[in-house]
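Structural characterization, general
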Amino acid sequence: GGPGARPLYSNMLECCKKAYGGQMSGKCLSMLPNPPTTAPTGTGGLDVWYADVTKQYLDGLCINDRPLPVYGVVTYDSQLQCCKSHYGSQLSGKCLSTLPNPPTGSPTSSGGLEVYYPDYSVRFPEGICINDAPLPNGRVIYPTKDQCCAGAYAGQSSLACSCDAKPRFGCPGVVAYTSQVVTSTMTLPRLTVPSNEADLQTLISVLKSTIEAILLAVIGSSTSKSVDITILSIGGVIIRRGLRRLLARRVSGGLTFKFKVVYNHGYTAGDVNFERDADAITKQIKEATKTETFEDAITETLASLPDNPLKFTIEQDVVIVGAGAAGLAAARALVGKGGLAITIIEATDRIGGRVHSDTLGSTRLEMGAEDLYSDTTIFNALKEEYGEGIFQEDSGEHVYAMDDESTCSSDINSSTLGHCSDDEDWVEYNRIWTAYYKSNWRYTALDVSGEEKLATMRASGYPKPGKRAWHLYNNHFAAEFGTTIDKLGARALAVTNYWWPLPEELHVNVDPNLGYEDGLRKVWWQDTISNPAVNLMKESPVTNIDSSDNSFVKVVDANGKIYKANTVIVTASIGVLQAGKIGFTPALPTETSNAINDIGIDEGMKIFMKFDVDWWTEAAGGAVAWMIAKGPAAWCWPSYKTPSDDHIIICFSMGQNAKDLKANTNDDAGIIAKALGDLDAMFPSAAQKPSETYSGIGKVSDWGSKEYTLGAYSYVTVDTVYEGGDAFDGNARKALQEPVSNGRILFAGEATSLLMAATVPGAVDEGERAARAVHPHAPSNAPSSYPPTSSYPTTAFPTTYPPTEQP
């Protein structure tokens, strides 16, 4: 020790810092050989911040000036941290005001934040907690107003904050207060218990906030009402005993939890009968927490949370992939049976699939499917709901562009166009086309020298590509089947279409205020998706279906949600399946994957153009049913919606024609311009050219470019019917109907329909077939989509080629 047993130091600096660390004069440090200045000499530069104690507290701020004082200084990593810690009670806000992006002195908008903080703009006795945006920097935040009041205003004798959060007896103006307790147990079979503690904590928090929001919606939210939710147990394990016990128990078979609701209500002097009111609301809470709707609301809320870290697993009996006509028909049939939990997962933001109605001008039009076949469940349901007056058979003359200077009409009375019977090329086309639709000739009329493609009709003298009438085979005949003529399998098409059960006569909906989608939603779909047994998830593209576990099939969507089901019905389009947008684990059997690729689907679009006048009636010399253009606009017809002040033409372009319309243009306007050019060329002598009367209002519905359709509808390729196969067996559609993964994955849609492919009745019938495969007793809810068997061909399919009589 030193003199008088004083402590010794190794150097003068250490002595000054330890013995005179609180010396405000800095005398000791000034005696060093290179003494620091007693005040900063440079502005800024340090990586740490400290309080400038040379100023009064109300004017104090945080600085990072060099050199750092060596005595009694506390440093902070940031200016904000320094202001919050050292000047947290500074009413002037001086320190915070020097931040690069200082908070406003008072909130600039009322409410909106999900957290609460104390309002320091008023005196402490009047202080309350608010959630106004923006959040001032440096404020301590709380998840609820109650917690904020308890933390920031714990000693507030006026109770201003707690009364604002939860009015009760003793608060200003409150003459009575009631608190009721309701305990309830709930099971959510679609959810499973998370497997780790962090996810369990999140689940409990989400359950509490969701139940609170739902109950306040039931009883009515106000500042005088509140509900406090406590999750008491999950899977029979009491929460307060620890989450690890719950995790160790490995609860399975759905999520069962018990919760307590404390309902609080403060009554002011103007309220009457508060006890009766409290009892009534308590009854509401008890009833609400026991309903299936309440359980469904919680399940849906949990499953639809954005960026949900739990990615809750939703357990169902049946998952249906796709909310088109087939998917909704399957769900409807399963709902009719009852007792099944069903989730429909739809990739887009709407239901209906390729049945889609939209408005142009003031007229409802069909962006996709539109033909109605009489004597089907769809036709009969719509007729019963809206009356037979909304239907009309297709009528009017058929107009054909034969070349740049010749357009003919099927109506012999046309006043402006020549009759097509005078055109030899049209007569030849019409003979072949008509022969095909005489069912006894469907095979031999198009099967030439054993070749498989319609394009090979030229081998026996039929028109060749480049000949004058060749466009009729593409733009009319092949377009009806959804592709280009050289892609159609002649023999396969003939074999399957020989048994075509739907009427050849088509009906159209003429009501300008009613779309096909609107009608089906009202008569069938809305009831289906509103049923408590059905959980509809939109904007949720399915990315993988995993059947590797024998106890369930796992379905994963692009949002990360996981669904477990006993059975999965896949109704995605054949285009989506071919593109591999849905992965399968393990891979699909070879027979199934081959079947998917052996069914055709091609580009396809509909073009809608509104004109200032009806130019076509005068140009054709009479009412027009449809027109076949020479160019890629292909097949056009006037809207049949009446009465309507809109003058609308719709063009139907399939296969290569659709691709040609999109070539060298990237917008609807370019496609419409090409279609107008085809119409102009069709009527070169028209008094009013189509392009000159176009209003500038139009739409394009391009099904080939829609990410979750990738095509118009299926067609028959040369590979669709296998060697020795027919319409009922030995073909790709039948192979795709076969369940996979021990019957747990089923495919359904218009593409799997054996006899009604490419139609809405076919899709509906297939959805019902899949439902029956899930549950043999699932009802079809109506007579079969097939017409009576009396409408089937009465003669056997021809087996002698060629037949004795040629068409």
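Look above for the structure.
The present account deals with the structure reproduced in this document. (Residues numbered from 1 in each chain as written. Predicted model: local features only at pLDDT ≥ 70, side-chain atom pairs only at ≥ 80, totals over all residues. Heavy atoms only, no water.)

Further remarks concern the nonpolar core. Within the largest apolar cluster, 42 residues are counted, with the highest numbers of intra-cluster contacts made by Y400, L472, W626 and W635. The set of elements that each furnish at least two residues to this core consists of β15 (397-403), α13 (424-436), α14 (470-480), α15 (490-497), β26 (624-628), β27 (635-638), β28 (647-654) and β30 (714-716). In terms of residue count, the dominant contributor to this core is α14 (six residues). Here L472 is in contact with Y400, A401, M402, W426, Y429, F477 and I628, once residues within four sequence places are set aside. (Core = buried A, V, L, I, M, F, W, Y, C linked by side-chain atoms within 4.5 Å. Buried < 20%, exposed > 50% of the residue type's maximum accessible area, 1.4 Å probe, protein only. Helix = DSSP H or I, 4+ residues; strand = E, 2+ residues; numbered from the N terminus. Contact = heavy atoms within 4.5 Å.)

Let's shift gears to unusual backbone geometry. A negative phi holds for most residues other than glycine; trans holds for most peptide bonds. Residues A133 and P134 are joined by a peptide bond in cis, for which omega reads 0 degrees. A cis amide bond links T585 to the next residue, P586, at an omega of -5 degrees. Structurally, P586 is set in the loop between β23 (583-585) and α18 (590-598). Despite not being glycine, D375 has its phi angle at roughly 65 degrees, a positive value. As for its position among the elements, D375 is in the loop between β13 (372-373) and α12 (377-386).

Another aspect to go through is the pairing of β15. Counted residue by residue, β15 has five buried out of seven residues, so it is predominantly covered. As defined by bridge partners, β15 adjoins β26 across four bridges and the pair is classed as parallel. Residue pairing in the sheet places H398 in a bridge with W626 of β26. With four bridges joining them, β15 and strand β16 (residues 406-409) adopt antiparallel strand pairing. Counterpart to V399 in the pairing with β16 is S409. Once β15 ends, the chain turns through two residues before running back antiparallel as β16. (Pairing = 2+ DSSP bridges.)

Right, let's get into the packing of helix α11 (residues 325-337) against helix α16 (residues 516-530). For the pair α11 and α16, the least separation of the axes is 9 Å and the interaxial angle reads 60 degrees. Judged by the angle between their axes, α11 and α16 are oblique. Crossing geometry of α11 relative to α16 is assigned as left-handed. Residues A325, L328, A331 and R332 of α11 form the contact with α16, whose participating residues are W524, W525, T528 and I529. Residue composition of the contact of α11 with α16, grouped by class: six nonpolar, one polar and one charged. (Axes fitted to C-alpha atoms, helices over the stretch in contact; angles between N-to-C directions. Parallel < 35°, antiparallel > 145°, perpendicular 65-115°, else oblique. Left-handed = near helix turned anticlockwise from the far one by under 90°. Nonpolar A, V, L, I, M, F, W, Y, C, P; charged D, E, K, R; others polar.)

Any two side chains of opposite charge can pair, on the condition that their charged atoms come close. Across all of its chains, the model carries 17 salt bridges by this definition. For D423, the salt bridge goes to R468, with nearest N and O atoms at 2.7 Å. Within this pair, whereas D423 is found in the loop between β17 (418-419) and α13, its partner R468 is found in the loop between α13 and α14, the two being separated by 45 residues in sequence. Using a relative accessible area of 12% as the deciding quantity, one classes D423 as buried. Note on R468: relative accessible area 29%, which makes it partly exposed. Of the charged contacts in the structure, one is a salt bridge between K662 and D702, with a shortest N-O distance of 3.1 Å. Residue K662 is located in helix α20 (residues 656-662), and its partner D702 is located in strand β29 (residues 694-702); the two are separated by 40 residues in the primary sequence. In the salt-bridge network here, residues are joined through shared partners; they are D403, D423, D425 and R468. (Salt bridge = Lys/Arg side-chain N within 4 Å of Asp/Glu carboxyl O.)

A grouping of D371, E393, D394, E480 and E505 is seen on the molecular surface, where their side chains present a negatively charged patch. For D371, the location among the structural elements is in the loop between β12 (363-366) and β13. Judged by relative accessible area, which is 33%, D371 ranks as partly exposed. (Patch = residues over 30% accessible without salt bridge, like charges linked within 9 Å, V, L, I, M, F, W, Y side chains within 5 Å. Areas by Shrake-Rupley, 256 points an atom, 1.4 Å probe, with all protein chains shown as cover. Lys, Arg positive; Asp, Glu negative; His and termini not counted. Charge placed at Lys NZ, Arg CZ, Asp CG, Glu CD.)

On to the sheet that holds strand β25 (residues 604-611). Sheet architecture is open: eight strands sit in the order β17-β16-β15-β26-β27-β28-β25-β29, paired in mixed fashion. Either end of the sheet is taken by a strand with one partner, and the two such strands are β17 and β29. The strands touched by α14 within the sheet are β15, β26, β27 and β28, with β15 carrying the most contacts at an inclination of about 140 degrees. Against the sheet, helix α21 (residues 668-682) makes contact with β15, β16, β25, β26, β27, β28 and β29, and its axis sits at roughly 75 degrees relative to β25, the strand it touches most.

All right, on to the environment of L96 then. Structurally, L96 can be placed in helix α4 (residues 94-97). When the C-alpha positions of L96 and K84 are compared, they lie 8.1 Å apart, and in sequence the two are twelve residues distant.

All right, on to the state of the cysteines then. A complete count under the given rule lists five disulfides for this structure. Paired through a disulfide, C149 and C161 show a sulfur-sulfur distance of 1.9 Å. On the S-S bond that ties C149 to C161, the torsion sits near -75 degrees, and the link is left-handed. In this pair, C149 is assigned in helix α5 (residues 145-152) and C161 in helix α6 (residues 160-165), connecting sequence segments twelve residues apart. Looking at C149, the relative accessible area reads 6%, which means it is buried. Given the relative accessible area of 0%, C161 is considered buried. The disulfide partner of C408 is C420, and the gap between their sulfur atoms is 2.0 Å. Taking the sign of the S-S torsion, 95 degrees for the link of C408 and C420, the bridge is right-handed. Here C408, found in strand β16, pairs with C420, found in the loop between β17 and α13; they are twelve residues apart in sequence, far enough to count as distant. We note that C408, like C420, is buried. (Disulfide = S-S within 2.5 Å.)

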